[in-house]
Amino acid sequence: MDTINVPTLIYATENKQRQREPERVGWVDAVKGIGIILVVVGHCLMEADALHNWIYSFHVPLFFIMSGYLSGSRYENGHIPSMAECRHFAKKKLSTYLYPYLTFSALSLLWYIVFFQILGNTHQENLTTVVLKMVTTYGHNANWFLPALYWTCVISFCTRRAGRSRPLIIGCMAFVGCIAAALVCTLPIFYDRQCYILRYVFRIMIAVSFEYIGEMIYRGLKICSERTEWLILVFCGTISVGLFWLNPDVSLFAIRIHNWFLFYLLALSGSLFIILLCKCTILARNRMLAFLGCHSLIIMALHMEFPKELGWVLVGITKLPRFVPLSFASICVGIVACAVSALCA
């Protein structure tokens, strides 16, 4: 009996998957482009701001949902991967997410040392804490997203081995993550000790559920008519804009979800609103949005290290009132940073 070379089998499987993968879709890149602009704007606004709370209700889940959407399009045949395929998938994603994370972390650490340590800003975390967060891949500032996306993709792919039990497993992960997140945020013993490892694990468990939701959205939109998509767009937009104030100040990074039902409802409705807005309108053909979407991970990793600081500098130079121009200046600098980061990619 002939033996089968595992690497050859994996290579053949990947070739078949590449053949099934569609070309880049303009509206998908537009969704990520709008998403990254919302991330930049959200990070520059005051936390009590209504626009800030609306953006935070869905902007990070949107990226996990889009990751799941693309995953659903690649593996829609229900293929159950072997352990060798899972290991190969995890190694392949290292170069996509974790290696860039290390590079961006080194750059942001250099910026942190120059701006906060040399210039003597005392309102930030100490250098040791920042280095530990980066080395453990917990992440500092927006850099947390890359390792979280890596583990989310890997875990989601490996759960395919469970077959029909996969939805139950992911549902249990989301339930445990939400309950544990509530405990971490409310019990003083957890909050005082800054349980980074627990927050790291629970954040990924919740993110995996959004990845799976993205796969379900892919299946649903395949059978939806254009009229149905418009109805869903209007309905989801109404829910997102009308109810976000009921569950303010949420953050997947900090595991602040408050009401878990509203957290998922607003994340899903807001994400679907942006997805269908791009899919059903001329935004799908917007080259700037597509350009930003193609480089969204680079922008995500780099945008947060200097927009606010340069915003403060502009406020000091112009001698205008403190808080109003800060947000405006930071947003302007952040959007310019988006373009520059993408051009340098």
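All figures in this text were calculated on a predicted structure; none of them were measured in a lab.

Reading the values: rules and limits
Residues numbered from 1 in each chain as written. Predicted model: local features only at pLDDT ≥ 70, side-chain atom pairs only at ≥ 80, totals over all residues. Heavy atoms only, no water. Helix = DSSP H or I, 4+ residues; strand = E, 2+ residues; numbered from the N terminus. Buried < 20%, exposed > 50% of the residue type's maximum accessible area, 1.4 Å probe, protein only. Contact = heavy atoms within 4.5 Å. Areas by Shrake-Rupley, 256 points an atom, 1.4 Å probe, with all protein chains shown as cover. Arc of directions from axis to C-beta. Disulfide = S-S within 2.5 Å. Salt bridge = Lys/Arg side-chain N within 4 Å of Asp/Glu carboxyl O.

A. Molecular detail of the overall build of the chain. When you go through the chain residue by residue, the secondary structure sums to 16 helices and zero strands. For the chain, the residues scored as buried account for 49% of the 345 residues in total. Sequence-distant contacts, at least 24 apart, represent 77% of the contacts inside the chain between residues at least 6 apart. Looking at the chain as shown, the accessible area adds up to about 17,600 Å², and 68% of this sits on carbon and sulfur atoms.

B. Up close: helix α6 (residues 127-135). Listing the buried residues of α6 in full gives Val130, Lys133 and Met134. Looking straight down α6, one finds that the buried residues subtend no more than 95° of arc, so they occupy a single side. The outward face of α6, more than 90 degrees from its buried face, is lined by the exposed residues Thr128, Leu132 and Val135. Remark: threonine 137 follows α6 within two positions and exhibits a positive phi of approximately 65°.

C. Examining the state of the cysteines more closely. Within this structure, the stated rule accounts for zero disulfides. Here cysteine 158 is not cross-linked by a disulfide; its sulfur's nearest cysteine counterpart is in cysteine 86, at 3.8 Å.

D. Broad picture of the pattern of salt bridges. If you walk through the whole model with that rule in mind, you get five salt bridges. Between aspartate 29 and lysine 32 there is a salt bridge, with the nearest N and O atoms lying 3.9 Å from each other. Pair noted here: aspartate 29 and lysine 32 are both in helix α2 (residues 26-44), with a separation of three residues, about one helical turn. By the burial criterion, aspartate 29 is buried, and lysine 32 matches it. Among the ionic contacts, a cluster of salt bridges with common partners joins Arg160, Arg166 and Glu215.

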